[in-house]
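These are the residues of each chain, in order.
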Amino acid sequence: MSNVEVEVVGVRIEMPANQPILLLKATEPAYYLPIWVGAIEANALSIAQRGLTPPRPMAHALLLDTLEAYEASLADVTITGRDGQVFLAELHTNDGKSISARPSDAVTLALTAQCPVYVDSELLEDAGIEAPAADEEEVAQFRDFLDNVSAEDFETGTETS
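Residues numbered from 1 in each chain as written. Predicted model: local features only at pLDDT ≥ 70, side-chain atom pairs only at ≥ 80, totals over all residues. Heavy atoms only, no water.

Section: the sheet that holds strand 6 (residues 98-101)
Working step 1: A sheet is described by the order of its strands in space; here 8 strands give the open sequence 6-5-4-7-1-2-3-8, paired in mixed fashion. Looking at which strands have only one partner, the edges of the open sheet turn out to be strand 6 and strand 8 (129-130). (Pairing = 2+ DSSP bridges. Helix = DSSP H or I, 4+ residues; strand = E, 2+ residues; numbered from the N terminus.)

This is the structure:
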């Protein structure tokens, strides 16, 4: 079993069901892996991705503090497989231990601990969505647009209240 490192794109909302989706992206091979998560989990993921520290520690910080108290740390997390439509994950500590976890919790921990996230390569090919190839000319035009756009370009001259 080989693993592929992925980037945490973030949480998106799938319409019309208004269901949060954790979106992971691999570059080699170029795949997206969507994982449906609950609203509370989506909120925790968003907080961790933005690097925010709530005034009171969340459960994820508590787990990382507990690992540290036992002289361990989170080395990485891996989305390992599926049981039907339910994705499975593992936490890997620096002392070689492996702990079963929900993918949403595992990725939130990885973001908080700033450690890598991996996906099993077979799972990525089976459950992932092939990423479309970027049109280099369109990307260059869009970058040029972003470099030269200002807020005034979007003013319409009318206000709504």
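A look at the nonpolar core
Working step 1: Core analysis: the largest hydrophobic core is formed by 32 residues, its most contacted members being Leu22, Leu24, Leu33, Ile35, Ile79 and Val119.
Working step 2: Looking at this core element by element, the count peaks at 4 residues for helix 3 (residues 103-113).
Working step 3: Excluding residues within four positions of it along the chain, Ile79 makes contact with Leu24, Leu33, Ile35, Phe87, Leu88, Ala89, Pro103, Val107, Tyr118, Val119, Asp120 and Leu123. (Core = buried A, V, L, I, M, F, W, Y, C linked by side-chain atoms within 4.5 Å. Buried < 20%, exposed > 50% of the residue type's maximum accessible area, 1.4 Å probe, protein only. Contact = heavy atoms within 4.5 Å.)

Brief notes about the environment of Val86
Working step 1: Structurally, Val86 can be placed in strand 5 (residues 86-93).
Working step 2: A relative accessible area of 52% places Val86 in the exposed class.
Working step 3: Spatially, the C-alpha atom of Val86 lies 9.0 Å from that of Arg102, the residues being 16 residues apart in sequence.

Here we look at the confidence of the model for the protein
Working step 1: When pLDDT is averaged along the protein, the result is 87; 82% of the residues meet or exceed 70.
Working step 2: By mean pLDDT, the top-scoring element of the protein is strand 7 (residues 117-120) (98), and the lowest-scoring one is helix 5 (residues 136-148) (65).
Working step 3: Counted against residues more than four places away or in other chains, residues 154-161, with its pLDDT under 50, gives 2 contacts. (pLDDT = per-residue confidence, 0-100.)

Brief notes about the pattern of salt bridges
Working step 1: Taken as a whole and judged by the stated rule, the model has 4 salt bridges.
Working step 2: Taking the shortest distance from any N to any O, the salt bridge between Lys97 and Asp95 comes out at 3.4 Å.
Working step 3: Taking the relative accessible area as the measure of exposure, Asp95 reaches 39% and is therefore partly exposed.
Working step 4: For Asp105, the salt bridge identified is with Arg102, shortest N-O distance 2.9 Å.
Working step 5: Three or more residues are tied together by salt bridges with common partners; here these are Glu41, Arg102 and Asp105. (Salt bridge = Lys/Arg side-chain N within 4 Å of Asp/Glu carboxyl O.)

Describing the packing of helix 1 (residues 39-49) against helix 3
Working step 1: Contact geometry of helix 1 with helix 3 gives a least axis separation of 8 Å together with a crossing angle of 15°. As summarised for this structure, helix 1 and helix 3 are arranged roughly parallel, according to the angle between their axes. Once helix 1 is placed against helix 3, the crossing between them reads as left-handed. Taken together, the residues of helix 3 that come into contact with helix 1 (itself represented by Glu41, Ala44, Leu45, Ala48 and Gln49) are Ser104, Val107, Thr108, Leu111 and Thr112.
Working step 2: Looking at the contact of helix 1 with helix 3, its residues break down into 5 nonpolar, 4 polar and 1 charged. (Axes fitted to C-alpha atoms, helices over the stretch in contact; angles between N-to-C directions. Parallel < 35°, antiparallel > 145°, perpendicular 65-115°, else oblique. Left-handed = near helix turned anticlockwise from the far one by under 90°. Nonpolar A, V, L, I, M, F, W, Y, C, P; charged D, E, K, R; others polar.)

As for helix 1
Working step 1: Among the residues making up helix 1, those that are buried are Glu41, Ala42, Ala44, Leu45, Ile47 and Ala48.
Working step 2: Close packing links the buried residues of helix 1 with strand 1 (3-14), strand 2 (19-26), helix 2 (59-69) and helix 3.
Working step 3: Of the residues flanking the end of helix 1, it is Gly51, one or two places downstream, whose phi is positive at about 75°.

Looking at the packing of helix 2 against helix 3
Working step 1: Where helix 2 meets helix 3, the closest approach of the two axes is 10 Å, and the angle between their N-to-C directions is 65°. Looking at the two axes, helix 2 sits roughly perpendicular to helix 3. Every pair of crossing elements has a handedness; the one defined by helix 2 and helix 3 is right-handed. Here His60, Leu63 and Leu64 of helix 2 lie close against helix 3, whose contacting residues are Asp105, Thr108, Leu109, Thr112 and Ala113.
Working step 2: Here the contact of helix 2 with helix 3 is built from residues that sort into 4 nonpolar, 3 polar and 1 charged.

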